[in-house]
Amino acid sequence: MAINRPWWWKLLSPHRKTLLLGLGATVLCSVAASWVPFWSGRAVKALELGQWSLSRQSLVWMLAFTLTAGIGRYFMRYTLIGLSRSIERLQREELYTFFLARPFAFFERQQVGDLMSRIGDDVSTVRMATGPGVMSFLATVAMLPVTLGLMFHTSPRLTVAVLVPFLLLAGAFYYIGRWSHILQQRLQVVTSRINTFSHEAISGERVIQAFGLEADRVREFHALSEQQARLGIRQTVLWGAYGPVAGIMGGISILALVGYGGHLVLQKALHIGDLTAFSGYLVAMGWPIMSLGWAANLFQRGKAGQERIDAILGSREAPLPPPEAEELPADPLGLRVRGLVSRFDSGRGLGPVDLDLPPGGSLAIVGGIGSGKTLLLQLLAGLRRPEAGEILVDGMPLDEGRLRWHWAGLGWVPQEAFLFSSTLRENLAFGRPGAPDEELWEVARVVCLDDLIQRLPQGLDTVVGERGVVLSGGERQRTALARALLRRPRLLLLDDALSAVDAETESRILENLRDFLGRATLVLATHRVFVAELCEQVLVLEEGRVLQRGPAQDLARAPGLFARLRTLQSLERSLERG
Ligand SMILES: Nc1ncnc2c1ncn2[C@@H]1O[C@H](COP(=O)(O)OP(=O)(O)OP(=O)(O)O)[C@@H](O)[C@H]1O
Ligand SMILES: [Mg+2]
C-alpha cells in the first residue's frame, strides 16, 4: 500500500540527522526559556517573604536558564535555517541540472520566464517553509506544553484569562497572512507582466519608435504600473496591521493579567511573584503563538511552490543521455534518410523525405519560407525525434544511444545565431575551451571576420554584450559559424547561417569552408540559389515535400521551382550590380 507522505517529507527526510540535532537544540532552547519566568517569579516571591538568600539562588537559576536558552537558540537557528539553505541549494541545482538535460521539445513547450520563476521564487518559498516555518513550528510545539504546564500549575483560572486574547491573535495573524498571500500572488502576476512588457518594449524600442507608438506603449505601461502600485499599497496596509493587532492583543492580555491577577492577589489566592512569573510567560509565549499563524501560511505557500516544482520535474520528455567523451572516426560522416516525417498539430511540417549523402558530400536544401528546411536540419541534428522514418548515420540508426556520439562530431549553426554575453574569444572557443589563439584566428579568417577583429580595440577580448548585441547580425552569424568550425566537425549543418551576410561574402566564406574542412560532410539550408550551386546536390522543398532533387546544373536546366528562383535571383543580382 502506498503511504501518502506530506509534501515536505521527501525534502526533509534525507537530512534526518541534522533535523534531529535541530530538534534537540529547539527543545533545549524552548524548555530552558520556559523556566526563566518561573525562576524570576520565585525570586520575587522569596523577596515578598523576606528570604534573601533563596531569592539570590533563584536569580542564579534564572541566569543559568537564560544562558542555556540563548545557546540552544543559536544552535537551533544554525542547524534548522542552515538545513533549509542546503535544501534550497540542492533543489536549485536539481532543477538546473534537470533543465540542462531536457531535449529540444521541452523548451519548445515552456516559457523561459516561467522556468526562471520556478528556479527562483518557487524554490525560495519552499525554503521559507522548510527553514523559518519548520523552526517556529517546532519551537512553539516544544515550548507550549512546558509553559502552559507551569502556568496551569500556578493558576489555572489566570491562565485561561490571559490566553484567550493570545489565541484570537494567532487566528487574526492567520487571516491577515492569507489575505496577504492572495494579494502577493496577484502582485507577482502583475510584476511579471510589467517585466515582460518592459523587456519587450526595451528590446523592440526601435520598432516602436519607427511606428510612432510610444504614447500607446507608455499608456499601457502606466495602466500596469498603476495596478501594481494599488496592489502594493493594499499589501502595505495589510502588513501594517500586524503590529497594531499584536499590540492590542498583547495589551488586552496584560489587562487581564493585571486586572484579574491583581484581584486574585488581593484575595490572597496568588503571590505577587506569581504575577511576575505570569508576565514573563506572556512575553515568552508572545512570538511563538503569533508565529503559528505565520508558519501555517509559510507551509501553504511552500506546498504550492513545491507543486509547481514537481510539475516541472514530472515533465513527460525523457532526459538526454549524459555527455561522454566519444571516440570519433576521423573521416566525414555519411547520411541516409528514409521516409522521414515530422508534423506539428497544425498539420504543417515535413515529409516524407528520403535522401542519401555520402561521406564528404554536400547538400543544399532550397525552399521558400516555411517549406521545412529548419525542421529537416533539426531532425538531421538529432534535436527532434521524427514521427516516422529513420535517419542512418554511418549506416547506424540515430537513436537515443547514438545521440551524444552524433553531437560530438556535429557542427550546428542555427538560423538565429546565439552568442553568450562574454568575450569574442570565449564565444569562438565555446566548443573547445582553451583552443590556442592561432586556431581562433584561422577560423576567423575562414568566415572573413579577421579584419573586423583586428580593428576592434580589444580584439578577441571584446565583450559582445547580451546575446552579442554589439555585433551586427552578419557578424553574429559569422561568429556562430566560426564557433562550429573550430570543432572540426564530421558533419556541418548550416541553417541559413549566412542569411545576413551579402551574397558575395557568403560565396567566399563557403569556398574558404571547403578548404578548411577538407572532406567534412556539409548540409546547408538556403534561400539563395547561387549558394546552393556550390553544393554537389540540391533538394528543393515546398510545403514540406521534396519537389526536385539532383545536381544544381541539372535543376537549372529543368523547368520547375529551382529554375524559376534562379532566373528571378539572377535578375535581382544584375539589377543590384547596375
Ligand atoms: N514549433 C513549431 N510548432 C508548430 N509549427 C511549427 C513549429 N516550427 C515550425 N513550424 C511550422 O513548420 C513549417 C516548417 O517550418 P521551418 O522552420 O522548417 O521552415 P523553413 O523552411 O526553415 O522556413 P524559413 O525559410 O522561414 O526559415 C512552417 O510552416 C512552420 O510554421
Ligand atoms: Mg528556417
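Just so it is clear, the model here is predicted, and its values are computed rather than measured.

A.B. asks: Sorry if this is basic, but what is going on with the sheet that holds strand β3 (residues 362-367) here?
C.D. replies: The six strands lie next to each other as β6-β7-β8-β3-β9-β10, forming an open sheet whose pairing is mixed. Across the chains shown, the open sheet's two edge strands, defined by having one partner strand only, are β6 (410-413) and β10 (545-550). Each strand axis lies, on average, 15° off the axis of its neighbour in the sheet, ignoring direction. Note: β3 against strand β8 (residues 521-526), five bridges, orientation parallel. Looking at the pairing, S362 lines up with L522 of β8.

A.B. asks: I would appreciate a short explanation of the environment of I202 in the present structure.
C.D. replies: For I202, the position within the fold is in helix α6 (residues 156-203). Note on I202: 9 C-beta atoms within 10 Å, which makes it exposed.

A.B. asks: Would you explain unusual backbone geometry in this entry?
C.D. replies: Peptide bonds are trans in most cases, and residues, glycine excluded, mostly fall at negative phi. At K268, a position not held by glycine, the phi torsion is positive, near 65°. Checked against the element boundaries, K268 lands in the loop between α8 (214-266) and α9 (272-313). K268 gets classed as exposed once you count the C-beta atoms within 10 Å, which come to 7.

A.B. asks: What is the right way to look at the site of ligand 1 in this model?
C.D. replies: Around ligand 1, the surrounding shell holds 15 residues, and the nearest of these are F344, G370, K373, T374 and L375. The element best represented in the shell around ligand 1 is helix α10 (residues 373-381), accounting for three residues. Its residues assigned to classes, the shell around ligand 1 shows three nonpolar, eight polar and four charged.

A.B. asks: In this structure, what is going on with the environment of S371? I would like to understand it.
C.D. replies: In this structure, S371 sits in the loop between β3 and α10. Assessed through the 22 C-beta atoms surrounding it within 10 Å, S371 is described here as buried. It is 27 Å that separates the C-alpha atoms of S371 and P489, two residues lying 118 residues apart in sequence. Setting aside residues no more than four positions away along its own chain, S371 makes contact with L541, E542, E543 and G544.

A.B. asks: Got a minute to help me understand the sheet that holds strand β4 (residues 388-393) in this structure?
C.D. replies: Two pairing modes exist for strands in a sheet, parallel and antiparallel, and in both the strands are linked by backbone hydrogen bonds. Read from one edge to the other, the open sheet built from four strands follows the order β2-β1-β4-β5, with strand pairing classed as antiparallel. Pairing within the sheet leaves two strands with one partner each, and these edge strands are β2 (349-357) and β5 (396-397). Bridging between strand β1 (residues 335-343) and β4 involves five bridges; their strand directions are antiparallel. Each residue of the ladder has a partner; that of V337, found in β4, is I391.

A.B. asks: I would appreciate a short explanation of the packing of helix α2 (residues 16-48) against α9 in the present structure.
C.D. replies: Packed helices, taken two at a time, are described by the angle between their axes plus the distance between the axes. In the contact formed by α2 and α9, the axes pass within 7 Å of each other and the chain directions differ by 160°. In terms of their interaxial angle, α2 and α9 are classed as roughly antiparallel. When you trace α2 past α9, the crossing you get is right-handed. Between α2 and α9, the residues in contact are A33, S34, V36, P37, F38, S40, G41, R42, V44, K45 and E48 and I272, G273, D274, T276, A277, G280, Y281 and A284, respectively.

A.B. asks: Hey, could you run me through the pairing of β2 in this one?
C.D. replies: Regular strands show a simple pattern: their side chains alternate between the two faces of the sheet. Relative to β2, β1 is paired through six bridges, and the arrangement is antiparallel. Directly across from R343, in β2, lies its bridge partner G349. Linking β1 to β2, which pair antiparallel, is a turn of five residues; within it G347 sits at a positive phi near 90°.

A.B. asks: Just to check I follow, could you spell out the environment of Y96 for this structure?
C.D. replies: Note on placement: Y96 falls in helix α3 (residues 52-100). For Y96, a count of 11 C-beta atoms within 10 Å corresponds to the exposed category. When the C-alpha atoms of Y96 and W52 are compared, they prove to be 65 Å apart, with 44 residues separating the residues in sequence.

A.B. asks: Looking at this structure, I do not really get the domain arrangement of the chain. What am I missing?
C.D. replies: Interfaces are frequently sized by the accessible area removed from exposure as the parts join. Here the chain is partitioned into domain 1 (9-154), domain 2 (156-269) and domain 3 (335-577). Just the C-alpha atoms count here: the centres of domain 1 and domain 3 sit 58 Å apart.

A.B. asks: Any chance you could explain helix α5 (residues 112-154) here in plain terms?
C.D. replies: Every α-helix carries 3.6 residues per turn, so stepping three or four residues along brings you back to the same face. Look at α5: 61 Å from first C-alpha to last across 43 residues, which is about the 63 Å you get at 1.5 Å a residue. At R118, α5 shows its strongest bend, of approximately 35°.

A.B. asks: Help me out: how do you make sense of α6 in this one?
C.D. replies: The first and last C-alpha atoms of α6 sit 68 Å apart over 48 residues, in line with the 70 Å expected at 1.5 Å per residue. If you look at α6, its biggest bend is around 30°, right at L163, and the proline P165 turns up within four residues after that. When we look at burial in α6, the residues that qualify are L158, V162, F166, L169, F173 and G177. Looking at the buried positions of α6, the neighbouring elements they touch are α8 and α9.

A.B. asks: Just checking my understanding: could you explain the pairing of β10 for this structure?
C.D. replies: The sheet contact formed by strand β9 (residues 537-542) and β10 spans five bridges and is antiparallel. The partner of L539 across the bridge, within β10, is R549. In this structure, the hairpin formed by β9 and β10 is closed by a connection of two residues, where E543 is found at a positive phi of approximately 50°.

Cut-offs used in this document
Residues numbered from 1 in each chain as written. Chains lettered and ligands numbered in written order. Predicted model: local features only at pLDDT ≥ 70, side-chain atom pairs only at ≥ 80, totals over all residues. Pairing = 2+ DSSP bridges. Helix = DSSP H or I, 4+ residues; strand = E, 2+ residues; numbered from the N terminus. Axes fitted to C-alpha atoms, helices over the stretch in contact; angles between N-to-C directions. Buried ≥ 20, exposed ≤ 12 C-beta atoms within 10 Å, placed from the backbone. Near = placed C-beta within 6 Å. Nonpolar A, V, L, I, M, F, W, Y, C, P; charged D, E, K, R; others polar. Contact = placed C-beta atoms within 7 Å. Parallel < 35°, antiparallel > 145°, perpendicular 65-115°, else oblique. Left-handed = near helix turned anticlockwise from the far one by under 90°. Domains from an automatic or database assignment. Expected span 1.5 Å × (residues − 1). Bend = angle between axes of the 7 residues up to and from the residue.

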